[in-house]
Amino acid sequence: MVVKTRFAPSPTGYLHVGGARTALYCWLHAKAKKGKFVLRIEDTDLERSTPEAVQAILDGMNWLGLDFDEGPFYQTHRFDRYKEVIQQLVEAGNAYACFCSRERLDELRETQMQNKQKPRYDGKCRHLTADQIDLSQPHVIRFKNPQEGKVDFRDFVKGDVVFANEELDDLIIARTDGSPTYNFTVVVDDKDMEITHVLRGDDHLNNTPRQINIFDALGHKSPEYGHVPMILGDDGKKLSKRHGAVSVMQYRDDGYLPQAVLNYLVRLGWSHGDQEIFSIEEMIELFDINGLNKAPSAFNTQKLNWLNQHYMKTMKVDDLMPHLQWHLEQAELSLDNGPAVKDLIPEFAERVQTLKELVEVIKPYYQDFDDFEPNAAKKHLRGVAAEPLQLVKAKLAALADWQAEAIHNAIQQTADELEIGMGKVGMPLRVAVTGTGMSPSLDITLLWVGKDRALKRIDKALEFIEKRLTQDN
Ligand code: GLU
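The model shown is predicted, which means the values in this text are computed figures rather than measured ones.

Draft legend 1. Representation of the nonpolar core. Residues Ile 362, Leu 396, Leu 429 and Leu 446 are the most contacted members of the largest nonpolar core, which totals 100 residues. Among the elements that make up this core, the one with the highest residue count is helix α1 (residues 17-32) (nine residues). If we ignore the near neighbours within four places in the chain, the residues touching Leu 446 are Leu 396, Trp 402, Ile 407, Ile 411, Leu 429, Val 433 and Ala 454. Counting 29 residues, the second largest nonpolar core, distinct from the first, contains Val 38, Leu 89, Val 187 and Val 198.

Structure, rendered in structure tokens:
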């Protein structure tokens with residue numbers, strides 16, 4: 001039998017990290033078993049589903065590289081099919097029309113609560129005779145849940161799970177307007193789409209016995225299930241916007257690589273010894289649906305940052321470029337006028353953790369900046385820096401070859417002639433040419449900034465110092 005998994009989000013918001021992790025696990029299991037992965041959009045809640053949310057899911061999946069073999073299927077396109085199956089269930093005596101009014105159900109509920117019973121439908125319309133049924137009257141359709149016995153299944157994550165049927169009441173499968181409900185549509189879809197393994201959040205665990213009973217009524221074997229625990233924030237509470245980014249696309253916007261996010265997500269609920277770094281190929285090879293953690297995992301942004309930096313440092317520049325390109329466009333930074341970015345990436349990936357930060361630190365090599373970074377300027381562009389900057393500028397201007405060694409010598413000679421330490425020339429020079437106090441070694445920095453730019457920026461720094469001196473006096 002071909003293994004088939006599915007990711008079945010409801011398009012009511014963005015693709016959040018919990019959903020993305022579920023999608024990844026389903027995708028990995030399908031890939032590991034040479035099976036198929038299906039994307040199904042559960043959009044029957046017409047009030048809460050939006051086309052923007054559908055797009056956000058597709059964008060998130062696409063950005064993560066979680067490609068699907070079938071779909072996207074939309075539940076709203078399948079209403080005729082659901083109607084057909086409801087009819088089948090009614091005809092087979094496994095579902096029935098229920099005419100109970102809202103008032104009656106409210107009263108029933110209240111009495112049960114007073115008697116400390118679990119609120120549930122009492123089955124009044126289960127036994128209506130043909131002449132008591134008038135389908136022109138408002139009614140819902142309920143599934144006839146078995147009243148005795150139990151539903152037990154082996155969950156990949158939770159182990160053996162048992163529910164007594166008496167805990168489950170006769171679930172509404174079609175509302176008064178005829179629209180089908182969640183537990184029912186999921187079963188029809190999982191059946192029609194021949195899903196063999198369902199992995200989803202453990203908030204769905206209580207739905208599973210109901211779904212298994214509907215499968216039984218349809219004479220079809222249910223898939224196997226695994227319910228993964230939720231993701232917690234680093235404070236141990238359910239992950240929410242309070243904790244920062246929870247939407248997958250926000251991670252892209254914040255400068256994370258999909259490789260890092262996937263690697264992070266796979267470890268958040270699954271492990272292989274104490275290995276932390278997994279390429280996609282390794283994940284596919286090693287991922288085991290039976291090895292998922294039972295306990296909830298807490299989100300740890302530092303670990304994600306560490307992974308992101310790891311991938312920035314180790315990925316081939318050609319693989320990194322498309323991701324960097326997106327951020328360059330956001331920042332309107334063109335790389336046309338400056339050094340080869342492949343030379344800069346290894347140097348700067350050591351110093352930053354996200355692509356967004358990377359763009360910021362490489363900017364001065366491609367584009368003029370307006371202002372010196374205030375703290376760096378305050379510290380290093382002071383009156384005492386004027387003379388070293390003037391002298392080093394003259395030496396740099398005289399260089400015929402703009403080469404690292406020659407640049408280094410010019411700086412060294414300046415320090416020697418003025419009998420000051422290298423730092424007294426170097427730091428003002430660094431702030432002058434990059435606007436910041438952080439850059440690689442000065443010879444490389446100046447080489448990348450380029451001669452014309454470097455000289456102009458030194459002038460700008462000298463003007464800044466002069467202005468500061470006049471203001472101070
Ligand atoms: N549509 C459901 C959700 O977004 C998931 C249903 C399922 O995986 O069975 O929570």
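Read on for the rest.
Draft legend 2. Representation of the layout of surface pockets within the structure. The space that makes up the largest pocket amounts to roughly 920 Å³. Counting residues per element, the ones that place at least two in the lining of the largest pocket are β1 (4-7), α1, α5 (182-192) and β9 (197-201). Looking at the lining of the largest pocket, the element that brings in the most residues is α1, giving five residues. In the lining of the largest pocket, the residues fall into 17 nonpolar, 10 polar and seven charged.

Draft legend 3. Structural detail: the sheet that holds strand β8 (residues 172-174). Strands sit in the order β4-β5-β8 across an open sheet of three strands; the sheet is antiparallel. Strand pairing shows two members of the sheet lacking a second neighbour, β4 (95-98) and β8, which therefore form its edges. The mean angle between the axes of side-by-side strands here comes to 45°, regardless of whether they run parallel or antiparallel.

Draft legend 4. A look at the site of the ligand. What surrounds the ligand is the set Arg 6, Ala 8, Pro 9, Ser 10, Glu 42, Tyr 182, Arg 200 and His 204. Arg 200 places a polar side-chain atom, nitrogen or oxygen, 2.6 Å from an oxygen atom of the ligand. Here the ligand loses 80% of its free accessible area of 300 Å² to cover by the protein chains. Here the ligand is seated within the largest pocket.

Draft legend 5. Quick look at the packing of aromatic side chains. Considering all chains together, one arrives at 14 aromatic pairs under this definition. Of the aromatic side chains, those joined through ring pairs into one cluster are Tyr 25, Trp 270, Phe 278 and Phe 287. The positively charged end of Arg 142 is found above the aromatic ring belonging to Tyr 121, 3.6 Å away from the centroid. Lys 460 extends its terminal NZ or CZ atom over the ring of Phe 372, reaching a point 5.4 Å from the ring centre.

Draft legend 6. How the structure looks around unusual backbone geometry. Of the consecutive residues Gly 71 and Pro 72, the connecting peptide bond is found in the cis state with omega at 0°. As for its placement among the helices and strands, Pro 72 is situated in strand β3 (residues 70-74). The phi torsion at Glu 194 lies on the positive side, around 55°, for a residue other than glycine. Phi is positive for Glu 332, which is not a glycine, with a value near 50°. Inspection of the secondary structure puts Glu 332 in the loop between α11 (317-330) and α12 (341-349). You can call Glu 332 exposed: its relative accessible area is 67%.

Draft legend 7. Focus on the pairing of β3. Taken together, the three bridges between strand β2 (residues 36-41) and β3 define a ladder with parallel strand orientation. Pairing of Val 38 across the sheet is with Glu 70, part of β3. For the crossover that starts at β2, traverses helix α2 (residues 51-64) and ends in the parallel β3, the hand is right-handed.

Draft legend 8. Summary view of the pairing of β1. Taking every second residue as pointing to the same face, both faces of β1 are buried, with Lys 4 and Arg 6 on one and Thr 5 and Phe 7 on the other. In the sheet, β1 pairs with β2 via four bridges, with the strands oriented parallel. Looking at the pairing, Thr 5 lines up with Phe 37 of β2.

Draft legend 9. Representation of the side chain of Asp 443 in the model. Topologically, Asp 443 is positioned in helix α18 (residues 442-449). Arg 430 is the oppositely charged side chain nearest to the buried, salt-bridge-free Asp 443, at an N-O distance of 7.5 Å. Polar side-chain contacts of Asp 443 include one of 2.6 Å to the side chain of Ser 441. Setting aside residues up to four positions removed in sequence, Asp 443 forms contacts with Ala 404, Ile 407 and His 408.

Draft legend 10. Examining the pattern of salt bridges more closely. Here the structure, examined in full by the defined rule, presents 31 salt bridges. A salt bridge links Arg 453 to Asp 368; the nearest nitrogen and oxygen atoms lie 3.9 Å apart. Of the two residues, Arg 453 sits in helix α19 (residues 451-472) while Asp 368 sits in the loop between α13 (355-362) and α14 (374-380), which places them 85 residues apart along the sequence. Asp 459 is paired through a salt bridge with Lys 393; the nearest N and O atoms lie 2.9 Å apart. Highlighted residues: Asp 459 in helix α19 and Lys 393 in helix α15 (residues 386-397), separated in sequence by 66 residues. A cluster of three or more residues bridged by salt bridges with shared partners is formed by Arg 6, Arg 40, Glu 42, Arg 78, Arg 81, Glu 84, Asp 189, Asp 190, Lys 191 and Asp 192.

Draft legend 11. Representation of the state of the cysteines within the structure. Under the defined criterion, the tally for this structure stands at zero disulfides. Note on Cys 98: no disulfide assigned, nearest cysteine sulfur contributed by Cys 100 at a separation of 3.9 Å. With a relative accessible area of 2%, Cys 98 lands in the buried category.

Draft legend 12. The arrangement of α15 in detail. The end-to-end C-alpha distance of α15 is 16 Å, a good match for the 16 Å that 12 residues give at a rise of 1.5 Å each. Within the sequence span of α15, burial applies to Ala 386, Pro 388, Leu 389, Val 392, Lys 395 and Leu 396. Buried residues along α15 sit in contact with α16 (404-418), α17 (422-434), α18 and α19.

Thresholds, definitions, all that
Residues numbered from 1 in each chain as written. Predicted model: local features only at pLDDT ≥ 70, side-chain atom pairs only at ≥ 80, totals over all residues. Heavy atoms only, no water. Core = buried A, V, L, I, M, F, W, Y, C linked by side-chain atoms within 4.5 Å. Buried < 20%, exposed > 50% of the residue type's maximum accessible area, 1.4 Å probe, protein only. Helix = DSSP H or I, 4+ residues; strand = E, 2+ residues; numbered from the N terminus. Contact = heavy atoms within 4.5 Å. 1 Å grid on protein atoms, 1.4 Å probe; cavity = no way out; pocket = protein on both sides within 12 Å on 5 of 7 lines; lining within 4 Å. Points joined across faces, edges and corners; volume = space filled by probe spheres on them. Nonpolar A, V, L, I, M, F, W, Y, C, P; charged D, E, K, R; others polar. Pairing = 2+ DSSP bridges. Axes fitted to C-alpha atoms, helices over the stretch in contact; angles between N-to-C directions. Near = heavy atom within 4 Å. Polar contact = N/O pair within 3.5 Å; in protein donor to acceptor, adjacent residues only side chain to side chain. Areas by Shrake-Rupley, 256 points an atom, 1.4 Å probe, with all protein chains shown as cover. Sits in = over half its atoms within 2 Å of the grid points. Phe/Tyr/Trp six-rings, centres within 6.5 Å; stacked < 30°, edge-to-face > 60°. Lys NZ or Arg CZ within 6 Å of the ring centre and 35° of its normal. Right-handed = clockwise from strand over helix to strand, strands pointing away. Lys, Arg positive; Asp, Glu negative; His and termini not counted. Salt bridge = Lys/Arg side-chain N within 4 Å of Asp/Glu carboxyl O. Disulfide = S-S within 2.5 Å. Expected span 1.5 Å × (residues − 1).

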